Amino acid sequence: MIKEFSYKRFGNISFSKESLDEDFWNSIENDIKILFFPRGSIVQVDFQEFMLDVDSLLFVNPRVVIKPCEAIEATLMHFNRDFYCIEIHDHEVACDGILYNNVFEIPFISLNDNQSQEIKNIINEIKNEMKSEDSSTEEMLRILLKLIILKSTRIWKKQHYLENDDLQTEVNFLRKFSLLVERHYKTHHKVSDYADMLFMTPKNLGKKISLISKKTPNDIIKDRLILESKRLLFYTSMSVKEIAYNLNYDDDAYFVRFFTKNAGLSPASFRKNSKI
């Protein structure tokens with residue numbers, strides 16, 4: 001079901017292998033998404049398959065395509081930026097760089113039984129509100145959406161041992177690095193570029209990143225470039241040369257070597273295999 005308020009849109013539907021309508025999914029490609037998965041779900045996110053042992057939430061940026069691999073019904077909530085813009089309202093929910101635009105990991109939030117029940121209750125409130133024609137429906141849906149985001153951000157911080165108030169400076173730093181990579185990965189490929197933006201040495205940047213990730217800053221930048229390369233190979237008809245240029249590689253042969261080394265197969269082979 002979808003509610004529209006002028007240019008603002010919010011939707012709540014079931015998400016499973018059986019119910020997925022590809023045309024509908026394409027129509028909400030640019031929406032921001034939150035999915036609730038029951039334990040036992042298997043889902044593919046950007047060419048990786050995940051089996052979820054516990055109830056989980058997944059936060060999805062626009063243009064990330066996900067596919068349910070098992071027929072366990074999940075819940076999909078989606079909204080456009082006119083309804084709620086994560087970047088503009090970051091001062092309210094502080095989730096940008098954690099739940100969205102997270103370059104460290106795919107942002108699954110594992111839920112214990114109590115947390116899962118809380119989220120299910122909010123989803124049920126959303127479903128009930130979707131049936132309402134009251135003048136306050138739009139704002140109520142926005143409040144419930146923010147409640148899920150706020151609770152999830154708290155859980156993420158706790159799971160990463162960053163919930164204490166005295167660690168918020170570190171959290172903000174990690175969010176800032178994540179957003180910088182997401183913003184500049186196409187044009188800035190070196191760790192020193194990001195260290196300069198953050199007014200620190202590459203060595204100190206590596207120490208900071210080690211608080212949350214076993215990957216080095218260089219690994220994170222490379223992974224983001226490879227992910228974008230895979231998306232462009234799979235979802236577009238761009239040539240390898242065009243993709244190299246799009247990612248700021250002047251030498252497409254160098255790009256092919258970079259992709260092959262990090263992805264384990266050539267761009268042409270990846271495109272062929274992924275289509276199969």
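For the structure, check the block above.
Residues numbered from 1 in each chain as written. Predicted model: local features only at pLDDT ≥ 70, side-chain atom pairs only at ≥ 80, totals over all residues. Heavy atoms only, no water.

**Student:** Break down the packing of helix α5 (residues 168-184) against helix α7 (residues 202-209) for me, citing the residues and quoting the values.
**Tutor:** Relative orientation of the contacting elements α5 and α7 amounts to 115 degrees, with a least axis distance of 10 Å. Classified by the angle between their axes, α5 and α7 sit roughly perpendicular to one another. By crossing handedness, the relation of α5 to α7 is classed as left-handed. Residues E170, F173, L174 and F177 of α5 pack against L205, K208 and I209 of α7. Here the residues of the contact of α5 with α7 sort into 5 nonpolar, no polar and 2 charged. (Axes fitted to C-alpha atoms, helices over the stretch in contact; angles between N-to-C directions. Helix = DSSP H or I, 4+ residues; strand = E, 2+ residues; numbered from the N terminus. Parallel < 35°, antiparallel > 145°, perpendicular 65-115°, else oblique. Left-handed = near helix turned anticlockwise from the far one by under 90°. Contact = heavy atoms within 4.5 Å. Nonpolar A, V, L, I, M, F, W, Y, C, P; charged D, E, K, R; others polar.)

**Student:** Report on the nonpolar core, specifying residues and quantitative values.
**Tutor:** Within the largest apolar cluster, 63 residues are counted, with the highest numbers of intra-cluster contacts made by I34, F79 and L205. Here this core gets 7 residues from one element, more than from any other, and that element is helix α4 (residues 137-159). Once residues lying within four places of it in the same chain are set aside, the contact partners of F79 are R9, F10, D31, I32, I34, Y84, I86, Y100 and L145. Listed in part, the 16 residues of the second largest apolar core include F37, V43, V64 and L76. (Core = buried A, V, L, I, M, F, W, Y, C linked by side-chain atoms within 4.5 Å. Buried < 20%, exposed > 50% of the residue type's maximum accessible area, 1.4 Å probe, protein only.)

**Student:** Tell me what's going on with the pattern of salt bridges, and back it up with residues and numbers.
**Tutor:** The tally for this structure, following the rule as stated, stands at 18 salt bridges. Measuring nitrogen to oxygen at the nearest pair gives 2.9 Å for the salt bridge that ties R224 to E182. In this pair, R224 is assigned in helix α8 (residues 217-235) and E182 in helix α5, connecting sequence segments 42 residues apart. Overall, the relative accessible area of 22% leaves E182 in the partly exposed class. (Salt bridge = Lys/Arg side-chain N within 4 Å of Asp/Glu carboxyl O.)

**Student:** Report on the pairing of strand β2 (residues 8-15), specifying residues and quantitative values.
**Tutor:** Bridge count between strand β1 (residues 2-5) and β2: 4 bridges; the pairing is antiparallel. Counterpart to K3 in the pairing with β2 is F10. Linking β1 back to β2 in an antiparallel pair, the connection comprises 2 residues, with S6 at a positive phi of about 60 degrees. In terms of strand pairing, β2 meets strand β8 (residues 74-79) through 6 bridges, oriented antiparallel. Following the sheet pairing, I13 is matched in β8 by L76. (Pairing = 2+ DSSP bridges.)

**Student:** Can you explain the pairing of strand β4 (residues 42-45)? Please cite residues and give values.
**Tutor:** Looking at chain direction, β4 and strand β5 (residues 48-51) are connected through 4 bridges and run antiparallel. In the strand pairing of β5, V45 is matched with Q48. Between β4 and β5, which pair antiparallel and follow one another directly, the connecting turn spans 2 residues, one of which, D46, has a positive phi of 45 degrees. Examined bridge by bridge, β4 and strand β7 (residues 66-68) share 3 bridges and lie antiparallel to one another. Bridge assignment links V43 to a residue of β7, and that residue is P68.

**Student:** I'd like a description of the sheet that holds β4, backed by residues and values.
**Tutor:** Whether parallel or antiparallel, the strands of a sheet pair through hydrogen bonds between backbone atoms. Reading across from one edge, β5-β4-β7 is the order of the 3 strands in this open sheet, with antiparallel pairing throughout. A strand with exactly one partner marks an edge of an open sheet, and here the two such strands are β5 and β7. Pairwise comparison of adjacent strand axes, ignoring direction, gives a mean angle of 20 degrees for this sheet.

**Student:** Give me the lowdown on the packing of α5 against α8, citing residues and values where you can.
**Tutor:** Put simply, α5 and α8 touch, their axes get as near as 10 Å, and they point 40 degrees apart. Taken together, α5 and α8 sit at an angle that is classed as oblique. Crossing of α5 against α8: the hand is right-handed. Residues F177, V181 and E182 of α5 touch α8, and the partners they reach there are P217, I220, I221 and R224. Class assignment for the residues of the contact of α5 with α8 results in 5 nonpolar, no polar and 2 charged.

**Student:** Before we move on, could you go through the sheet that holds β2 and cite the residues and values that matter?
**Tutor:** The strand order across the open sheet formed by 6 strands is β1-β2-β8-β3-β6-β9, and the pairing between neighbours is antiparallel. Every interior strand has two partners, whereas the edge strands, β1 and β9 (108-110), have only one. Taking the axes of each pair of neighbouring strands and ignoring which way they run, one obtains an average angle of 10 degrees across the sheet. Here strand β3 (residues 32-37) runs beside strand β6 (residues 56-60); their pairing, made up of 5 bridges, is antiparallel. What sits directly across from L35, in β6, is L58. Where helix α3 (residues 113-130) meets the sheet, it contacts β1, β2, β3, β6, β8 and β9, and its direction lies at approximately 120 degrees from that of β2.

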